Amino acid sequence: ETGVTQTPRHLVMGMTNKKSLKCEQHLGHNAMYWYKQSAKKPLELMFVYSLEERVENNSVPSRFSPECPNSSHLFLHLHTLQPEDSALYLCASSRGGAGSYNEQFFGPGTRLTVL
Amino acid sequence: AQSVTQPDIHITVSEGASLELRCNYSYGATPYLFWYVQSPGQGLQLLLKYFSGDTLVQGIKGFEAEFKRSQSSFNLRKPSVHWSDAAEYFCAVGEPGSARQLTFGSGTQLTVLP
């Protein structure tokens, strides 16, 4: 595998379910990101991890819980979601840590539908 | 706070025609500027980026973009569009010195007619 992979690609869940999204990067990067992409809206940055520590949390509801066990893996744990949380969730990674800037490489996304 | 405007939600061009996608940004200094492309069911792929230097930037797939400070613009161009260019295009702004925040525009959907 190369680049940034995400599983599952599609997920349908009820509002009472608990599920997790997984992201894995094979690029040797130090920073990882979760974005939410809703129809007709700009991409929204949700979380940023740099060297496995969360450095940004853009006022995301607590029903979304990120986890970064190492620099290659990033999870987004989902619990009691709402229908308006239905969206494409994109993971990205970049080489630099805090204080540097490098382009972000994106995974294909997980299409989430909350019923 | 920085912001990005892509005024065209949807553009349709014929194959072989030239293309220009508009992007305007709001930022106090010169930001880092990016263009990404997203094909259906896929993530975003970087087309090109501007950090400093020459204001005309060459990217992949025959795309180029020009940074115009006086107009706060970073428009994307291609002289001859191919059917495979049909996708959604996003302009993004990054704050120099920051590893984190990219602000994206709402995107422009490109349709290519045969």
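Provided above is the structure to which this section pertains.
Bear in mind the structure is a predicted one, so any value in this text is a computation, not a measurement.

Draft legend 1. View of the overall build of chain B. For chain B, the helix and strand inventory stands at 0 helices and 12 strands. Helices and strands appear in chain B in the N-to-C order β-β-β-β-β-β-β-β-β-β-β-β. Against the compact-globule benchmark of 13 Å for 114 residues, chain B has a radius of gyration of 14 Å, which places it among compact chains. With respect to the principal axes defined by its C-alpha atoms, chain B has extents near 40 × 30 × 25 Å. Put simply, chain B has 114 residues, and 46% of those count as buried. Restricting to contacts in chain B with at least 6 residues of sequence separation, those with at least 24 account for 54%. As displayed, chain B offers around 5,200 Å² of accessible surface, 49% of which is attributable to carbon and sulfur atoms. For chain B, the distance from the average site of its 8 positive side-chain charges to the average site of its 9 negative ones is 5 Å.

Draft legend 2. Quick look at the layout of surface pockets. Estimated volume of the largest pocket: approximately 520 Å³. As for the largest pocket, its lining consists of 23 residues, of which Gln37(A), Ala39(A), Gln38(B), Glu88(B) and Gln109(B) are closest to the centre. Among the residues forming the lining of the largest pocket, the class breakdown is 6 nonpolar, 12 polar and 5 charged. When its volume is computed, the second largest pocket comes out at roughly 220 Å³. Lining of the second largest pocket is provided by 17 residues; of these, Phe106(A), Gly43(B), Leu44(B), Gln45(B) and Leu46(B) occupy positions nearest its centre. For the lining of the second largest pocket, the secondary structure elements donating two or more residues are β10 (105-106) of chain A together with β5 (32-38) and β6 (44-50) of chain B. Considering only residue class, the lining of the second largest pocket consists of 8 nonpolar, 7 polar and 2 charged.

Draft legend 3. Molecular detail of the interface of chain A and chain B. Listed per partner, the contact involves 23 residues of chain A and 23 residues of chain B. Taking both partners together, chain A and chain B bury about 1,900 Å²; carbon and sulfur atoms supply 53% of that area. Between Lys49(B) and Glu103(A) there is a salt bridge, with the nearest N and O atoms lying 3.1 Å from each other. Put simply, chain A and chain B have 4 residue pairs in polar contact (both at pLDDT 80 or more) between them. Residue assignment for the side of chain A that touches chain B shows that the elements contributing at least two residues are β4 (31-37), β5 (44-50), β6 (53-57) and β9 (87-94) of chain A. Residues of the side of chain A that touches chain B, tallied by class, amount to 13 nonpolar, 7 polar and 3 charged.

Draft legend 4. A look at the environment of Thr5(A). Residue and element names in this part refer to chain A. Looking at where Thr5 falls in the secondary structure, it is placed in strand β1 (residues 4-7). Distance in space between the C-alpha atoms of Thr5 and Gly107 is 5.3 Å, their sequence separation being 102 residues. In this structure Thr5 touches Lys22, Cys23, Glu24, His26 and Pro108, once residues within four positions along its chain are discounted.

Draft legend 5. Just unusual backbone geometry, in detail. The residue after Thr7(A), namely Pro8(A), is reached through a cis peptide bond having omega -10 degrees. If you trace the backbone, Pro8(A) turns up in the loop between β1 and β2 (10-13). Phi is positive for Lys61(B), which is not a glycine, with a value near 60 degrees. Mapping Lys61(B) onto the fold places it in the loop between β7 (56-58) and β8 (64-68). The phi torsion at Ser72(B) lies on the positive side, around 50 degrees, for a residue other than glycine. Inspection of the secondary structure assignment puts Ser72(B) in the loop between β8 and β9 (73-78). Owing to a relative accessible area of 26%, Ser72(B) belongs among the partly exposed residues under this scheme.

Cut-offs used in this document
- Throughout this description, residue numbers start from 1 for each chain and increase along the sequence as written.
- Chains carry letters and ligands carry numbers; both start at the beginning, A for chains and 1 for ligands, and go up in the order they are written.
- Local features are withheld for residues below a pLDDT of 70 in this predicted model, meaning they are given only at 70 or higher, and side-chain atom pairs are given and counted only at 80 or more; totals for whole chains, interfaces and linings count all residues.
- In computing side-chain values, all of the structure's heavy atoms are included and hydrogens and water are not.
- Secondary structure elements follow DSSP: runs of H or I of four or more residues count as helices, runs of E of two or more count as strands, with numbering from the N terminus.
- C-alpha atoms define the radius of gyration, and 2.2 Å times the number of residues to the power 0.38 defines the globule rule.
- Summary of the burial criterion: residues with accessible area below 20% of their type's maximum are buried, those above 50% are exposed, and those between are partly exposed, where the area comes from a 1.4 Å probe applied to protein chains only.
- Two residues form a contact once any of their heavy atoms are found within 4.5 Å.
- Residue-level accessible areas treat just the shown protein chains as cover; the underlying method is Shrake-Rupley with a 1.4 Å probe.
- For this count, His and the chain ends are skipped, Lys and Arg are scored as positive, and Asp and Glu as negative.
- Taken as the charge centre is NZ of Lys, CZ of Arg, CG of Asp or CD of Glu, depending on the residue.
- The definitions used throughout rest on a 1 Å grid laid over the protein atoms alone, on which a cavity is an enclosed set of points accommodating a 1.4 Å probe that cannot get out and a pocket is an open set flanked by protein within 12 Å on both sides along at least five of seven lines; lining residues are those having an atom within 4 Å of a point.
- Grid points are joined across faces, edges and corners, and a volume is the space filled by probe spheres set on the points.
- Polar here means any residue outside two lists: the nonpolar Ala, Val, Leu, Ile, Met, Phe, Trp, Tyr, Cys and Pro, and the charged Asp, Glu, Lys and Arg; Gly therefore counts as polar.
- Two parts lose some accessible area (1.4 Å probe) when they are put together, and adding that loss for both gives the buried area.
- By salt bridge we mean one thing: a side-chain nitrogen of Lys or Arg within 4 Å of a carboxyl oxygen of Asp or Glu.
- Any pair of nitrogen or oxygen atoms within 3.5 Å is treated as a polar contact; in protein, a donor-acceptor pairing is required on top of that, and neighbouring residues in sequence qualify only through side-chain atoms on both sides.

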